[in-house]
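# Structural overview
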Amino acid sequence: MTDVDFDSEQYEKCREAGEILAQVRDEAAERVEVGVSHLEIAQWAEQEIRELGGKPAFPVNISIDEEAAHATPERDDDATFGEEMINLDIGVHVDGWLADTAVTVDLSGQDELAEAPAEALDAALEVAGPGVDVGRIGAAVEEVIEGYGYNPVVNLTGHGLGHWEQHTSPNIPNREVAQGATLDVGDVVAIEPFATDGRGKVQEGADEEIFALEREGSVRNRQARQVLEQITEEYRTLPFAARWLDSPRAEMALRRLKQQDIVHGYPVLKEQDDAYVSQKEHTVIITEDGCEVTTRSR
């Protein structure tokens with residue numbers, strides 16, 4: 001028998017975050033249409049999370065076509081959706097306890113590429129449970145995606161979720177690996193298959209709109225100091241968007257903080273072949289007999 005208390009405050013807050021997130025994800029996906037503004041969707045979702053009693057765990061990611069992760073609108077972004085493949089990746093925390101989810105909204109007419117990671121996620125959830133090697137989850141994901149005739153993105157993984165930590169161990173691969181970590185009762189993990197009609201590797205692009213605190217530090221510049229205070233008070237170690245910062249000179253302040261290695265940026269990740277990428281993600285709690293999905297539609 002395990003001594004994990006699934007009724008404890010930690011798990012209740014994880015579930016609350018998941019419930020808020022499922023609602024916001026589904027509503028945000030419904031709002032995505034040709035001609036709608038990226039910034040409008042991101043701001044709507046982030047505000048809705050707050051109104052429902054949570055806080056964004058990271059900026060809403062809106063990845064288009066070959067983009068796989070870390071794309072979020074800038075402050076005055078005027079981009080609108082076209083006939084594209086759109087991935088929405090959204091996170092919520094309640095007092096630092098997290099949930100993370102993603103869905104592909106396909107306006108490009110590639111139904112099967114959008115379906116592949118969703119079916120792969122279902123297969124992964126059937127495998128996930130205590131004592132399971134994460135390599136088995138990766139094998140389940142890979143089998144489904146390759147069955148559709150696509151490739152999994154092999155250098156992106158699912159991950160553990162900690163307290164105020166968006167990425168912790170274990171990493172959960174999207175392909176079969178010989179030996180990985182073993183899941184334990186009580187683990188909270190995000191499983192996120194990515195599929196592509198490219199070779200299945202992402203690389204860093206030039207754009208960077210998402211940042212996170214790397215370490216505590218002191219800075220002489222007044223604006224940089226003000227921005228650092230906002231980061232440490234409001235976001236702690238969680239990722240934040242440049243557009244969330246109140247300072248009128250936030251971009252300059254961020255550059256200074258990056259130069260001193262106090263914050264780090266997350267460059268947009270893109271498929272190496274400029275091929276399309278689709279994604280589906282749920283957060284789960286590993287239970288004694290399998291897993292509980294906290295981000296499922298209610």
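Whatever comes next refers back to the structure up there.
Notes on the structure follow. (Residues numbered from 1 in each chain as written. Predicted model: local features only at pLDDT ≥ 70, side-chain atom pairs only at ≥ 80, totals over all residues. Heavy atoms only, no water.)

## Here's the deal with the packing of aromatic side chains
- In total, this model carries four aromatic pairs according to the counting rule given.
- Aromatic pair Y235 and W244: ring centres 5.3 Å apart, planes at 45°, arrangement tilted.
- Look at W244 and you get buried, because its relative accessible area is 10%.
- Counting every residue linked through ring pairs, the aromatic cluster contains F211, Y235, F240 and W244.
- The residue whose ring lies beneath R50 is W244, and the NZ or CZ to ring-centre distance is 6.0 Å. (Phe/Tyr/Trp six-rings, centres within 6.5 Å; stacked < 30°, edge-to-face > 60°. Buried < 20%, exposed > 50% of the residue type's maximum accessible area, 1.4 Å probe, protein only. Lys NZ or Arg CZ within 6 Å of the ring centre and 35° of its normal.)

## Observations concerning helix α3 (residues 111–127)
- Counted at 1.5 Å a residue, the expected span for α3 with its 17 residues is 24 Å, and the 25 Å between its end C-alpha atoms agrees.
- Of all the positions in α3, only L113, A114, A116, P117, A120, L121, A124 and L125 are classed as buried. Viewed along the axis of α3, the buried residues span an arc of 160°, placing them on a single side of the element. Exposed and facing more than 90 degrees away from the buried side of α3 are D111 and E126. (Helix = DSSP H or I, 4+ residues; strand = E, 2+ residues; numbered from the N terminus. Expected span 1.5 Å × (residues − 1). Arc of directions from axis to C-beta.)

## Section: the pattern of salt bridges
- The tally for this structure, following the rule as stated, stands at eight salt bridges.
- The salt bridge involving E292 is made with R15; its shortest N-O contact spans 2.7 Å. Here E292 is found in strand β15 (residues 290–293), whereas its partner R15 is found in helix α1 (residues 9–31), with 277 residues between them in sequence.
- Judged by its relative accessible area of 26%, E292 is partly exposed.
- Overall, the relative accessible area of 17% leaves R15 in the buried class.
- One salt bridge connects E46 with R243, and the closest N-O pair in it is separated by 2.8 Å. Of the two residues, E46 sits in helix α2 (residues 38–51) while R243 sits in the loop between β11 (240–241) and α6 (250–259), which places them 197 residues apart along the sequence.
- The class for E46 is buried, based on a relative accessible area of 3%. (Salt bridge = Lys/Arg side-chain N within 4 Å of Asp/Glu carboxyl O.)

## What to know about the environment of D95
- Its place among the elements puts D95 in the loop between β3 (85–94) and β4 (97–106).
- When the C-alpha positions of D95 and V4 are compared, they lie 20 Å apart, and in sequence the two are 91 residues distant.
- If near-sequence neighbours (up to four positions away) are discounted, D95 is found in contact with K13, H163 and W164. (Contact = heavy atoms within 4.5 Å.)

## Some words on a negative patch on the surface
- Taken together, D111, E112, E115, E119, D122 and E126 make up a surface patch of like negative charges.
- Summarising the element assignment, D111 is placed in helix α3. (Patch = residues over 30% accessible without salt bridge, like charges linked within 9 Å, V, L, I, M, F, W, Y side chains within 5 Å. Areas by Shrake-Rupley, 256 points an atom, 1.4 Å probe, with all protein chains shown as cover. Lys, Arg positive; Asp, Glu negative; His and termini not counted. Charge placed at Lys NZ, Arg CZ, Asp CG, Glu CD.)

## Notes on the packing of helix α5 (residues 222–235) against α6
- Interaxial distance between α5 and α6 falls to 8 Å at its minimum, and their mutual angle equals 85°. Relative to α6, the element α5 lies roughly perpendicular. From α5, Q223, A224, V227, L228 and I231 reach across to α6, where they touch A250, M252, A253, R256 and L257.
- Class assignment for the residues of the contact of α5 with α6 results in eight nonpolar, one polar and one charged. (Axes fitted to C-alpha atoms, helices over the stretch in contact; angles between N-to-C directions. Parallel < 35°, antiparallel > 145°, perpendicular 65-115°, else oblique. Nonpolar A, V, L, I, M, F, W, Y, C, P; charged D, E, K, R; others polar.)

## Section: the sheet that holds β3
- Reading across from one edge, β1-β3-β4 is the order of the three strands in this open sheet, with antiparallel pairing throughout. A strand with exactly one partner marks an edge of an open sheet, and here the two such strands are β1 (55–64) and β4. Between one strand and the next, the sheet's axes are offset by a mean angle of 10°, whatever the strand orientation.
- Strands β3 and β4 of the sheet are contacted by α1, whose axis makes an angle of about 20° with β4.
- The sheet contacts of α2 involve β1 and β3, and relative to β1 the element is tilted by about 155°. (Pairing = 2+ DSSP bridges.)

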